[in-house]
Amino acid sequence: MFNFKKRGTLLLVVMTMVAMFIVGCSNDAPAGDAELKSVVMGLDDTFAPMGFRDEKGELVGFDIDLATEVAARSGWDLSFQPIDWSMKETELNAGNIDLIWNGYTITDERKEKVNFSEPYLANAQIVITLSDSDIMKLSDLEGKAVATQAESSSLDAARAQTGLVESFMDGELIEYATFNEVFNDLEAGRADAIIVDEVLARYYMVNKGAEAYKVLEEDLGPEQFGIGVRKDDQELLTELDDALNAMKDDGKYDEIYGKWFAK
Amino acid sequence: MSLIVDKISKAFGDVKVFEQISFTVEPSEIVCIKGKSGEGKTTLLRCMNNLETVDSGSILINGLDISKEKDNSRVGQEIGLVFQGYNLFPHLSVMENLRIAPVFLKKMTNEEIDERARELIDTLEINGKEDMYPYQLSGGQKQRVAIARACMLDPSVLCFDEPTSALDYETTKQISIIIRRLAATGMSIVIVTHDEQFVKEIAERVIVLKDQGIIEIDRVEL
Amino acid sequence: MKILNMLVPMTIEGLKVTLGVFLVTLVFAIPLAVVVALLRRSNNRAISGVTATYIYIMRGTPLLLQLMFIFFGFHFVPVIGYAFSRFQAIYIAFILNYTAYFAEIFRGGINSIDLGQYEAAKVLGMSKPFTFIKVILPQVIKNVLPAIGNEVITLVKDTSLVYILGASDILKAAKSVSNVYSAFSPYVMIALVYLAIVAVLTKLLSNIERRYNYYR
């Protein structure tokens, strides 16, 4: 009875050591050049097209490219730290990351917790239906099932319009954890319309074939993406804005924009 | 004298079980302890085996005062107990049950342990069952394994708690034979029982517990 | 297809995290749980009280919250003021949490052992530690195997909570691929991976249970 226990225990111990080794090696912060300023950028690495992993598992995205360019110009040793999006301000203020840069919408509430860079991308909250829908205007949404992403600026924008959410079916917005689920609901016919980030939506619709959808003319307000920095990190903010402005002036920004948002 | 019980008293809270009782048991003697339920026979047995402590008095076995002895292993080598429910270790085979205590005590070599085990298996007539597990044994067989296990440490005194309560008439006769065999080797035997037939069968002396005291009766000649 | 091409390598990377957390937690939590169970049963009121409080806190708060507290909250604790790394926090939270659950299972198992076993051992002169290891514990293990197996399988699923600290397990791999291709199927595939893992575990656990059935 005890022989297999001994073998089993040994196997377990070996497997654990291997596991710890592998996992421990998949790092928190990689080594860097001691002369450059070490900057850690926090992002949700599943957020296409701003910062996400491609088919090879490499980190790519509009924000990634912008950040890499800024780092080169500012003499930063930039590293990327995947975080959970709901914890982003906590991670920043705990010092685990120095930048929140991942399609981060500038809002007044967030300004209380972090400092923002200059806006670097325009966004809007748009309403999308299937192309054969007879919903044309915001007022057509009355009594309809409308879905959006939980804890998002889409949600906030919808709520900000007085009386809007109350006019929906059951007086509420259907909320989902992820963007894909929101689109899924529309395609499944459960939701008559959805409220989403324009930037994300355009990426999604390109993937799926834009003909299937219709974007309402009226939107729920323009937004801007910014980069979040700790309140006391003035130096980093200055370097960031300087580099971004330079990129906007000398065309580098347009080049990167064209790569990701070709219309 | 193997066993000297000297003026022991035991109470549970306010309830006195026995007070200032004394008796002795000689080597090879078979003594039965009788008494009505609740008169304290099992408590007495448990005190003798250090499963309970006495409030006063001493219990001496071959000179060792086990009532004051903290070291279990010393007590276990002087006195053994066959429980009413046997309490065999279910996850160990018969042989493993026999070997576990001597292996722990490290007083005998492996060969000596095996030899003693063989002898006891013969004496107790449980040959062929060494690799079986308790759940595979009958009640009578389990009892004999329990006896063998207790005897592995070669105690001077062997106690039995109601050994016939689960046995039929035939098996009771068999157990009597085995107990006599053990007594013949010099062991003192103390049996707690309320089985009158069994007492008549086997007792050389009878001790009755009554009213927190003792009445000793020598065996009535048949 | 493209989705699989991206999903497979990411899943393999994610498995290192999923299985790593799983194994580390088990290897530490199970032995620790036996110790905690004994402490919980201690006659010393201070010891059993402190242990009971620890168990209460660990079972009374979501593992997700515990992960957050240990990683984000710990450097606010005075004196210690140390910030754990992500994986340190993950291991610590998981081990503390699962030790508590396992400990209660073991405690129940130990309680269910007949007093007669302890008494027989005592009368045979065996010491308390020896009795516990050679007589009590083997019987406890047989008794608690189904309950332990249950928790082990729950643990596999709980590993997905590491997302809160940004770690990349297999569920996150599904999310990544899903977002790139705007598809739901990666989630379905990862569900199959979880099922496969649990299938293997279930078989293993039933094998172990069968081995312990050599006696009843």
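Residues numbered from 1 in each chain as written. Chains lettered and ligands numbered in written order. Predicted model: local features only at pLDDT ≥ 70, side-chain atom pairs only at ≥ 80, totals over all residues.

Peer 1: Please set out the overall build of chain B residue by residue, giving values where relevant.
Peer 2: From N to C terminus, chain B includes seven helices and 10 strands. At 17 Å, chain B has a C-alpha radius of gyration in line with the 17 Å of a compact globule built from 222 residues. C-alpha extents for chain B along the principal axes are approximately 45 × 40 × 30 Å. Out of the 222 residues belonging to chain B, those deemed buried represent 43%. Pairs at least 24 residues apart make up 68% of the contacts formed inside chain B by residues separated by at least 6 positions. (Helix = DSSP H or I, 4+ residues; strand = E, 2+ residues; numbered from the N terminus. Rg over C-alpha atoms; globule rule 2.2 N^0.38 Å. Buried ≥ 20, exposed ≤ 12 C-beta atoms within 10 Å, placed from the backbone. Contact = placed C-beta atoms within 7 Å.)

Peer 1: How would you explain helix H1 (residues 2-40) of chain C if you had to name every residue and give the values?
Peer 2: In this model, H1(C) (39 residues) spans 54 Å end to end at C-alpha, consistent with the 57 Å of a helix rising 1.5 Å per residue. The sharpest bend along H1(C) measures roughly 25 degrees and falls at Gly14(C). (Expected span 1.5 Å × (residues − 1). Bend = angle between axes of the 7 residues up to and from the residue.)

Peer 1: An account of the arrangement of the chains is needed here, citing residue identities and associated values.
Peer 2: With two pairs of chains in contact, the largest contact count belongs to chains A and C. The least C-alpha distance between chain A and chain B, which are not in contact, is 10 Å.

Peer 1: Describe in detail the interface of chain C and chain B, supporting the description with residues and values.
Peer 2: With 18 residues of chain C at the interface, the matching set in chain B holds 22 residues. Secondary-structure elements contributing two or more residues to the side of chain C that touches chain B are helix H5 (115-123) and helix H6 (128-158) of chain C. Classifying every residue of the side of chain C that touches chain B by side-chain character gives eight nonpolar, five polar and five charged. (Nonpolar A, V, L, I, M, F, W, Y, C, P; charged D, E, K, R; others polar.)

Peer 1: Account for the domain arrangement of chain A, with residues named and values stated.
Peer 2: Residues and elements named next belong to chain A. Assigned domains within chain A: domain 1 (33-121 + 223-260) and domain 2 (122-222). Measuring from the centre of the C-alpha atoms in domain 1 to the corresponding centre in domain 2 gives 27 Å. Mapped by element, the contributors of at least two residues to the side of domain 1 that touches domain 2 are strand S6 (99-105) and strand S13 (222-229). Per element, the largest residue contribution to the side of domain 1 that touches domain 2 is three residues, and it comes from S13. Tallied by class, the residues present in the side of domain 1 that touches domain 2 amount to four nonpolar, five polar and one charged. (Domains from an automatic or database assignment.)

Peer 1: Can you lay out the nonpolar core for me, pointing to particular residues and giving the numbers?
Peer 2: Among the nonpolar cores identified, the biggest contains 118 residues, and Met41(A), Ile194(A), Leu67(C), Ile90(C) and Phe106(C) are the most heavily contacted of them. With 15 residues, the single largest contributor to this core is H1(C). Structurally, this core is a two-domain feature, drawing no fewer than three residues from each of domain 1 (33-121 + 223-260) and domain 2 (122-222) of chain A. (Core = buried A, V, L, I, M, F, W, Y, C linked by C-beta atoms within 7 Å.)

Peer 1: Got a sec to walk through the pairing of strand S6 (residues 79-82) of chain B? Specific residues and values, please.
Peer 2: All names here are of chain B. Across the two faces of S6 the burial is the same, with Ile-79 and Leu-81 and Gly-80 and Val-82 all buried. By the bridge criterion, four bridges tie S6 to strand S7 (residues 157-161) in an arrangement that is parallel. Across the sheet, the residue bridging to Val-82 is Phe-160, located in S7. (Pairing = 2+ DSSP bridges.)

Peer 1: So what's going on with the environment of Asn97(B)? Residues and values would help.
Peer 2: Residues and elements named next belong to chain B. With respect to the helices and strands, Asn-97 occurs in helix H3 (residues 94-105). Measuring from C-alpha to C-alpha, the distance between Asn-97 and Val-145 comes to 8.1 Å, with 48 residues separating the pair along the chain. Residues in contact with Asn-97, not counting those within four places in the same chain, are Leu-88, Phe-89, Leu-92, Val-145 and Arg-149.

Peer 1: So what about the sheet that holds strand S8 (residues 188-192) of chain B? Which residues, and what values?
Peer 2: Residues and elements named next belong to chain B. The mixed open sheet is built from six strands, whose spatial order is S6-S7-S8-S3-S9-S10. Two strands close off the open sheet at either side, each with one partner strand: S6 and strand S10 (213-218). Neighbour-to-neighbour, the strand axes of this sheet turn through a mean angle of 20 degrees, independent of strand direction. Of the pairings in the sheet, the one linking strand S9 (residues 205-210) to S10 comprises six bridges and is antiparallel in character. Counterpart to Val-208 in the pairing with S10 is Ile-215. (Axes fitted to C-alpha atoms, helices over the stretch in contact; angles between N-to-C directions.)

Peer 1: A description of the pairing of strand S5 (residues 76-82) of chain A should follow, citing residues and the corresponding values.
Peer 2: Looking along a regular strand, one sees the side chains alternate between the two faces of the sheet. All names here are of chain A. When you tally the buried positions in S5, you get five out of seven residues, the bulk of the element. Inspection of the sheet shows strand S1 (residues 37-43) paired to S5 by seven bridges, in the parallel sense. In the sheet register, Ser-38 faces S5, and the bridge partner there is Asp-77.

Peer 1: Before we move on, can you summarise the sheet that holds strand S2 (residues 15-25) of chain B with the specific residues and values?
Peer 2: All names here are of chain B. The strand order S2-S1-S4-S5 describes an open sheet built from four strands, whose pairing is antiparallel. A single partner strand is all that each edge strand has here, and the edge strands are S2 and strand S5 (64-65). Here strand S1 (residues 3-12) pairs with S2 via seven bridges, running antiparallel. Looking at the pairing, Val-5 lines up with Phe-23 of S2.

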